[in-house]
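Survey of secondary and tertiary structure
What follows is each chain in one-letter form.
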Number of protein chains: 2
Amino acid sequence: MHVSEIETPAIAVDLDVFERNLTRAADYAKAHQLRLRPHTKTHKSSVIARMQLELGAAGLTVAKVGEAEVMLRAEPADLLVAYPVIGERKLRRLLEVARHAQVTVALDSLEAAQGLSDAAAKAGMEIGVLVEEDVGLGRVGLTDSHQLVTLATSIAKLPALRLRGFNFYPGQVKAIDADGLAKFHAVNAALEETATLWRAAGLPLEVISGGSTPTLFHSHELPLMNEIRPGTYVFNDRNTIESGAATLADCAAHVLVTVVSTSRASGMIVDGGSKTFSSDRLSTGGEVTFGLLREAPEAKFVKMNEEHGYIDLPAASRHFRIGDRVRILPNHICVAVNLHERVYGIRGEEVEQIWEIEARGKLQ
Amino acid sequence: MHVSEIETPAIAVDLDVFERNLTRAADYAKAHQLRLRPHTKTHKSSVIARMQLELGAAGLTVAKVGEAEVMLRAEPADLLVAYPVIGERKLRRLLEVARHAQVTVALDSLEAAQGLSDAAAKAGMEIGVLVEEDVGLGRVGLTDSHQLVTLATSIAKLPALRLRGFNFYPGQVKAIDADGLAKFHAVNAALEETATLWRAAGLPLEVISGGSTPTLFHSHELPLMNEIRPGTYVFNDRNTIESGAATLADCAAHVLVTVVSTSRASGMIVDGGSKTFSSDRLSTGGEVTFGLLREAPEAKFVKMNEEHGYIDLPAASRHFRIGDRVRILPNHICVAVNLHERVYGIRGEEVEQIWEIEARGKLQ
């Protein structure tokens, strides 16, 4: 199948770039003796997850139990649900997953740990636990190392749980510039304080898990961290470029769209809008645009409706015609992939792979 | 199944409110002799589409051919694809749909019409056409009535097409206040000019199709319009309330979420983020929040990550605990529904219906 036969809008992945991204992260992790546990939220495909495992990933990360169920198809030895699992039904499903892979849950409360312990004990199983530290994002996790170790101590006493260590997500580091790197290196102090108190409490500390795509290749600069969980690196996107962690040449995934109208005075309409790209703005808070038109980087993707993308074109760029197919680099590839039924892997001009987005909509 | 057994995050539809919304619009259209041709983009369910047809809808509206394929299951006599269909493969699929229902396409260019005509002629079929007028949104459509009628005249000469009239979308009317109504009534002048030139050109004018949810119950104030295509009215959302076209009591669909963390100093985290709600902001450009917490309207849903909703709570409202389930009215229900595999229809506390979102991801 030729790339021109893909019906738009659709996501096309350049396989050469994608494979280079996979290998580069795997090699980096090996070189620095870091366990790579990719977050599958970006691709939501067990086939890609399997590739990551075959390149040496120590396990997989998911956010939801429904994603864990899908990712069992990749036959991971080890699965991290980096999200508190709350509620009896979800816990029952989690334990079913744990019959097929070692499962660890990241959580930040005794309530979550108690529920997990009760469910696991009832099933006669053991589930791993990471306690989540908040190192600056202000989302989940405990900011105070003393409180965190107190919680870990309580969790260590609960039956059917195996305390493995602690985890964090440095989501506050949006850019790899001097300021961003300073923020990232500041995480060290928090990790050191927690690790010191943790060990002083006599708790087992097998895993300190962190990482993100922007900070990926600086992971070794946090010497205590021994596991990283990047997700976006497989494809990269406009946010990754803005963060300074990738170049255009590292971006594997584009949205193919077709020009459907040129009636607008200021530009054209393409056949993808918020149901194709998501309406995520740039995470760095830059200009409010929704993607980069590769065929005319001077164009501005200024607005979306559900199925319409509004692209403003300077006069000199108004050579696009109805029916033209163009490539757009999205702001945030994870949420874009989640809107599609499948992703096309292309080599040159040929479609070589079609990946179903198996974990799309597995929100529970 | 009790509502408490629905795993979160999930969309629950209050069937009493939903049915009242369906009936109210159907009764309004009948009272004013308007053809109601609901846009199915909101629910993406052929089962709900069938309900709309049984209440008297004259046909259905879709944006994409993939949606048209799904909506054939509702057995509509008449389907409007309110979107230019560009490209041979899409046209072939459209003609296959047209074997099962009368199909009309809205378009704004001779290129789109020519492609449609060529494909239909080759298949020995006839497809209806509406020419799109831009009455102020600046998206697709021609603003100049003379140009529009010139295009319609050319289209009338093409084989295998049946020119049925013209259509518009008053998306620039975001609020039903004095200013918004003035904008809406101003559409009359554009319609009159086009209709006058259209008839003077001797073209058939069976349909003048317009309408939106905010303007729904003012449709009779545009006397030339004889068909309306609202979508959101089946559920309504925070945007509809902001527009002044609905009250909280008219909002049928909420996202059920569970509190998963209370570690944040300023509030709590719930188990739905941009992959559950979409990151659409309010269309009226009001405050940047992502939904209304029904159990604590003073709370502010200030931020999202993919699977995390950040809800700020004033001190007096911090009585939520991990595991609590709450209801959130989303900003934009159409894009939220599109992220879910199914929607639960509830009556009181019981789940009475489960609708698959059959046209989810049917982007092509």
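Residues numbered from 1 in each chain as written. Chains lettered and ligands numbered in written order. Predicted model: local features only at pLDDT ≥ 70, side-chain atom pairs only at ≥ 80, totals over all residues. Heavy atoms only, no water.

**Topic: the relation of the copies chain A and chain B**
With an RMSD of 0.0 Å, the operation that places chain A on chain B is a rotation of 180° combined with a shift of 0.0 Å along the axis. Look at the turn and shift together and you get a two-fold axis relating the two. Identified as the residue of chain A closest to the rotation axis by C-alpha distance is Ser279(A), at 2.8 Å. Interface overlap between copies: 100% of the residues of chain A at the interface are likewise at the interface in chain B, consistent with a symmetric, same-surface contact. (Least-squares fit on C-alpha atoms with pLDDT ≥ 70 in both. Contact = heavy atoms within 4.5 Å.)

**Let's talk about the pairing of strand 15 (residues 325-330) of chain A**
As paired elements, strand 10 (residues 253-261) of chain A and strand 15 of chain A share four bridges and run antiparallel to each other. Paired with Leu256(A) across the strands is Arg327(A), a residue of strand 15 of chain A. (Pairing = 2+ DSSP bridges. Helix = DSSP H or I, 4+ residues; strand = E, 2+ residues; numbered from the N terminus.)

**Regarding the pattern of salt bridges**
Think of it this way: side chains of opposite charge can pair up when their charged atoms draw near. In this structure the tally under the stated criterion is 56 salt bridges over all chains. Across the pair Glu206(A) and Arg164(A) runs a salt bridge, and its minimum N-O distance is 2.7 Å. Residue Glu206(A) is found in the loop between helix 7 (178-200) and strand 8 (207-210), and its partner Arg164(A) is found in strand 7 (residues 161-167); the two are separated by 42 residues along the sequence. By relative accessible area, which is 3% here, Arg164(A) ends up buried. Notably, a salt bridge pairs Glu341(B) with Arg342(B), separated by 3.6 Å at the nearest N-O pair. Each of Arg35(A), Arg37(A), Asp78(A), Glu126(A), Arg162(A), Arg164(A), Glu206(A) and Glu227(A) takes part in a single network of salt bridges with overlapping partners. (Salt bridge = Lys/Arg side-chain N within 4 Å of Asp/Glu carboxyl O. Buried < 20%, exposed > 50% of the residue type's maximum accessible area, 1.4 Å probe, protein only.)

**Observations concerning the sheet that holds strand 7 (residues 161-167) of chain B**
Residue and element names in this part refer to chain B. As summarised here, the arrangement of the eight strands in space is 2-9-8-7-6-5-4-3, forming an open sheet in which the pairing is parallel. The outermost strands of the open sheet, each flanked by one partner alone, are strand 2 (35-36) and strand 3 (60-62). As defined by bridge partners, strand 7 adjoins strand 8 (residues 207-210) across three bridges and the pair is classed as parallel. From the neighbouring strand, Phe-166 faces strand 8, where its bridge partner is Ile-208. On the sheet, helix 6 (residues 145-157) packs against strand 5 (102-107), strand 6 (127-132) and strand 7 and is oriented at approximately 165° with respect to strand 6. (Axes fitted to C-alpha atoms, helices over the stretch in contact; angles between N-to-C directions.)

**Overview of the side chain of Thr194(B)**
Residues and elements named next belong to chain B. Along the chain, the position of Thr-194 falls in helix 7 (residues 178-200). Thr-194 gets classed as buried once you look at its relative accessible area, which sits at 0%. Discounting residues that sit within four places of it in the chain, Thr-194 has contacts with Glu-133, Ser-145, Leu-148, Val-149 and Phe-166.

**Digging into the packing of aromatic side chains**
Aromatic rings in a pair are described by how distant their centres are and how their planes are angled relative to each other. Inspection of every chain in the model, using the stated rule, returns twelve aromatic pairs over all chains. Measuring from ring centre to ring centre gives 5.2 Å for Tyr28(B) and Phe217(B), while their planes differ by 80°; the resulting arrangement is edge-to-face. Taken together, the positions of Tyr28(B) in helix 1 (residues 15-31) and Phe217(B) in the loop between strand 8 and strand 9 (227-228) put the pair 189 residues apart, joining distant regions of the chain. For the ring pair Phe166(B) and Trp198(B), a centre distance of 5.4 Å and an interplane angle of 40° mean the geometry is tilted. Residue Phe166(B) is located in strand 7, and its partner Trp198(B) is located in helix 7; the two are separated by 32 residues in the primary sequence. Classification of Phe166(B) as buried rests on a relative accessible area of 0%. Take Trp198(B): its relative accessible area is 0%, and that puts it in the buried class. In this structure, Lys64(A) is placed above the aromatic ring of Tyr83(A), and the distance from its NZ or CZ to the ring centre is 5.1 Å. Of note, Arg24(B) hangs over the ring of Phe217(B), and the distance from its end group to the ring centre comes to 4.0 Å. (Phe/Tyr/Trp six-rings, centres within 6.5 Å; stacked < 30°, edge-to-face > 60°. Lys NZ or Arg CZ within 6 Å of the ring centre and 35° of its normal.)

**A word on the sheet that holds strand 4 (residues 78-81) of chain A**
Residues and elements named next belong to chain A. The parallel open sheet is built from eight strands, whose spatial order is 2-9-8-7-6-5-4-3. Both edges of this open sheet fall to strand 2 (35-36) and strand 3 (60-62), since each of them pairs with a single strand only. The strands touched by helix 4 (residues 88-97) are strand 4, strand 5 (102-107) and strand 6 (127-132); relative to strand 5, the strand with the most contacts, the crossing angle is about 145°. Contacting strand 6, strand 7 and strand 8, helix 7 runs over the sheet at an angle of about 150° to strand 7.

**A look at the packing of helix 4 (residues 88-97) of chain B against helix 5 (residues 110-123) of chain B**
Residue and element names in this part refer to chain B. Put simply, helix 4 and helix 5 touch, their axes get as near as 10 Å, and they point 55° apart. Taken together, helix 4 and helix 5 sit at an angle that is classed as oblique. Viewed along their axes, helix 4 and helix 5 form a crossing whose handedness is right-handed. Note on element contacts: helix 5 touches helix 4 through Gly-115, Leu-116, Ala-119, Ala-120 and Ala-123, opposite Leu-91, Leu-94 and Leu-95. (Parallel < 35°, antiparallel > 145°, perpendicular 65-115°, else oblique. Left-handed = near helix turned anticlockwise from the far one by under 90°.)

**Here we look at the interface of chain A and chain B**
Of the residues lining the interface, 60 residues belong to chain A; the matching set on chain B comes to 60 residues. For the pairing of chain A and chain B, the buried interface totals around 5,200 Å² over both sides, and the portion due to carbon and sulfur atoms is 48%. Counting every contact that joins chain A to chain B gives ten salt bridges. Residue Glu307(B) pairs with Lys64(A) through a salt bridge whose shortest N-O separation is 3.5 Å. Our count for the contact surface shared by chain A and chain B stands at 34 residue pairs in polar contact (both at pLDDT 80 or more). (Buried area = accessible area lost by both parts, 1.4 Å probe. Polar contact = N/O pair within 3.5 Å; in protein donor to acceptor, adjacent residues only side chain to side chain.)

**A closer look at the pairing of strand 14 (residues 309-312) of chain A**
All names here are of chain A. By the bridge criterion, four bridges tie strand 11 (residues 267-270) to strand 14 in an arrangement that is antiparallel. Its bridge partner lying in strand 14, Ile-269 is registered against Tyr-310. Sheet topology note: the strand 13 (residues 300-304)/strand 14 ladder contains four bridges and is antiparallel. Bridge pairing in strand 14 links Phe-301 to Ile-311. What sits between strand 13 and strand 14 in their antiparallel hairpin is a turn of four residues.

**Brief notes about the confidence of the model for chain A**
Per-residue confidence for chain A averages 97 on the pLDDT scale, and 100% of its residues sit at or above 70. Confidence metrics for the complex model read pTM 0.97 and ipTM 0.97. (pLDDT = per-residue confidence, 0-100.)

**Some remarks on the packing of helix 6 of chain B against helix 7 of chain B**
All names here are of chain B. Direction vectors running N to C along helix 6 and helix 7 enclose 40°, while the axes themselves pass 9 Å from each other. Accordingly, the angle class assigned to the pair helix 6 and helix 7 is oblique. Considering the relative orientation of helix 6 and helix 7, their crossing is right-handed. Touching Ser-145, His-146, Leu-148, Val-149 and Ala-152 of helix 6 are Ala-190, Glu-193, Thr-194, Leu-197 and Trp-198, all from helix 7. When its residues are assigned to classes, the contact of helix 6 with helix 7 shows six nonpolar, three polar and one charged. (Nonpolar A, V, L, I, M, F, W, Y, C, P; charged D, E, K, R; others polar.)

**Quick word on the state of the cysteines**
All names here are of chain A. One pass over the full model with this rule turns up zero disulfides over all chains. Unpaired in this structure, Cys-334 has its nearest cysteine sulfur neighbour in Cys-251, at a distance of 12 Å. Accessibility expressed as a relative area gives 0% for Cys-334, which makes it buried. (Disulfide = S-S within 2.5 Å.)

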